Amino acid sequence: MMQGPIPQSAAILLCGGQSRRMGVEKASLPFGDETLLARVVRIIAPVVTEIILVAAPKQNLPKLPVPVKVIHDENPGLGPLEGIRCGLASLGPGVDRALVCACDTPLITAAAVRILFEKLTNQCDAAVAVDIQRMHPTFGVYRLHVADVVVEQLRAGERSLHGFVKRLAIAAVPLQELGGDDLLHNVNTPEDYALALTAAGLPPGKLPPAPSP
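All figures in this text were calculated on a predicted structure; none of them were measured in a lab.

**Student:** It is not clear to me how the sheet that holds strand β5 (residues 69-72) should be interpreted in this structure. Could you clarify?
**Tutor:** Strand pairing in a sheet relies on backbone hydrogen bonds. The paired strands run either parallel or antiparallel. An order of β5-β4-β1-β6-β8-β7-β9 is seen for the seven strands of this open sheet, with the pairing classed as mixed. Each edge of the open sheet is held by one strand with a lone partner, namely β5 and β9 (170-174). Across this sheet, the average inter-strand angle for adjacent strands is 25°, counted without regard to direction. Of the strand pairs in this sheet, strand β6 (residues 97-102) and strand β8 (residues 135-143) are connected by five bridges, and their pairing is antiparallel. Within the sheet, the bridge partner assigned to Cys 101 lies in β8 and is Phe 139. Most of the contacts of helix α1 (residues 36-44) go to strand β1 (residues 9-14), to which it runs at about 165°, and overall it touches β1, β4 (51-55) and β6.

**Student:** Just checking my understanding: could you explain the nonpolar core for this structure?
**Tutor:** In summary, soluble globular proteins display a tendency toward joint burial of nonpolar side chains. Within the largest apolar cluster, 37 residues are counted, with the highest numbers of intra-cluster contacts made by Leu 13, Leu 37, Ile 44, Ile 51, Leu 99, Phe 139 and Leu 178. Top element by residues in this core is α1. It accounts for six residues. If near-sequence neighbours (up to four positions away) are discounted, Leu 13 is found in contact with Leu 37, Val 40, Val 41, Ile 44, Ile 51, Ile 52, Leu 53, Val 54 and Cys 101. Ranked by size, the runner-up nonpolar core spans 25 residues in total, among them Val 100, Val 150, Leu 161 and Leu 168.

**Student:** When you look at the pairing of strand β7 (residues 126-130) in this model, what are you seeing that I'm missing?
**Tutor:** Regular strands have side chains that alternate between both faces of the sheet. Taken across its five residues, β7 has five buried, putting it largely inside the fold. Judged by which residues are buried, β7 turns out to be covered on both faces: Ala 126, Val 128 and Val 130 on one side and Ala 127 and Ala 129 on the other are all buried. Relative to β8, β7 runs antiparallel, the two being bridged by five bridges. Pairing of Val 128 across the sheet is with Gly 140, part of β8.

**Student:** For this particular structure, what's the right way to read the state of the cysteines?
**Tutor:** By definition, a disulfide links two cysteine residues through a covalent bond between their sulfur atoms. One pass over the structure, following the stated rule, counts zero disulfides. No disulfide involves Cys 15; its sulfur sits 4.4 Å from the nearest other cysteine sulfur, which is in Cys 103. With no disulfide partner, Cys 124 has as its closest neighbouring cysteine sulfur the one in Cys 101, 20 Å distant.

**Student:** Sorry, what's going on with the packing of helix α2 (residues 80-89) against helix α4 (residues 147-155) here?
**Tutor:** Any two packed helices are characterised by the angle at which their axes cross and by the distance between the axes. α4 packs onto α2 with a crossing angle of 140° between their chain directions and a minimal axis gap of 10 Å. Taken together, the axes of α2 and α4 lie oblique to each other. When you trace α2 past α4, the crossing you get is left-handed. Contact residues: Leu 81, Glu 82, Ile 84, Arg 85 and Leu 88 in α2; Ala 147, Val 150, Val 151, Gln 153 and Leu 154 in α4.

**Student:** Would you mind showing me how to read the environment of Ala 111 here?
**Tutor:** Residue placement: Ala 111 occurs in helix α3 (residues 110-119). Placed 18 residues apart in sequence, Ala 111 and Ala 129 show a C-alpha to C-alpha distance of 13 Å.

So, how was this worked out
- Residues numbered from 1 in each chain as written.
- Predicted model: local features only at pLDDT ≥ 70, side-chain atom pairs only at ≥ 80, totals over all residues.
- Heavy atoms only, no water.
- Pairing = 2+ DSSP bridges.
- Helix = DSSP H or I, 4+ residues; strand = E, 2+ residues; numbered from the N terminus.
- Axes fitted to C-alpha atoms, helices over the stretch in contact; angles between N-to-C directions.
- Contact = heavy atoms within 4.5 Å.
- Core = buried A, V, L, I, M, F, W, Y, C linked by side-chain atoms within 4.5 Å.
- Buried < 20%, exposed > 50% of the residue type's maximum accessible area, 1.4 Å probe, protein only.
- Disulfide = S-S within 2.5 Å.
- Parallel < 35°, antiparallel > 145°, perpendicular 65-115°, else oblique.
- Left-handed = near helix turned anticlockwise from the far one by under 90°.

Right, dumping it as structure tokens:
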């Protein structure tokens, strides 16, 4: 049975990482017949009513399958917490909760995103994926009022995502309940990229040449 978008929901995709270990821009990596970023957008789009992409200044983004709102880090170099702040501040007036997701997690599923939204009860500030070792703040659904906590942390010079979520009332959602340990396989290195393609049942990809210094 087809499910429509969750009312008053949005997604904030963090795309502004420097890709040092990969050596090339990750968002534009080929992934089957689409790019890495296009795949993540395509998976998330049916679940939410609005998508915000938080990109680095002057970052070139690939063609995407649906319209999205693109914003840029206002203070580059502050890490993903600043990206979350910018994303939350850019959401439309009809939104009351938002998924935060990294752009380099091509194995996520729409079903996992829906489960996170379902786990966000009235008693929680956020529903966040966890495994046996740690919490994954960049795959979680947050209520908009957590923006105040983000601002407080950044003003205090604290950029830790885990420090941020420790200040919230969290519904911890095990990865096994979301679909398995491979769900949040990050594409940080060429080896990670090859493994992700294999896990997705796709043929090996070819990295584009690194940009000239």
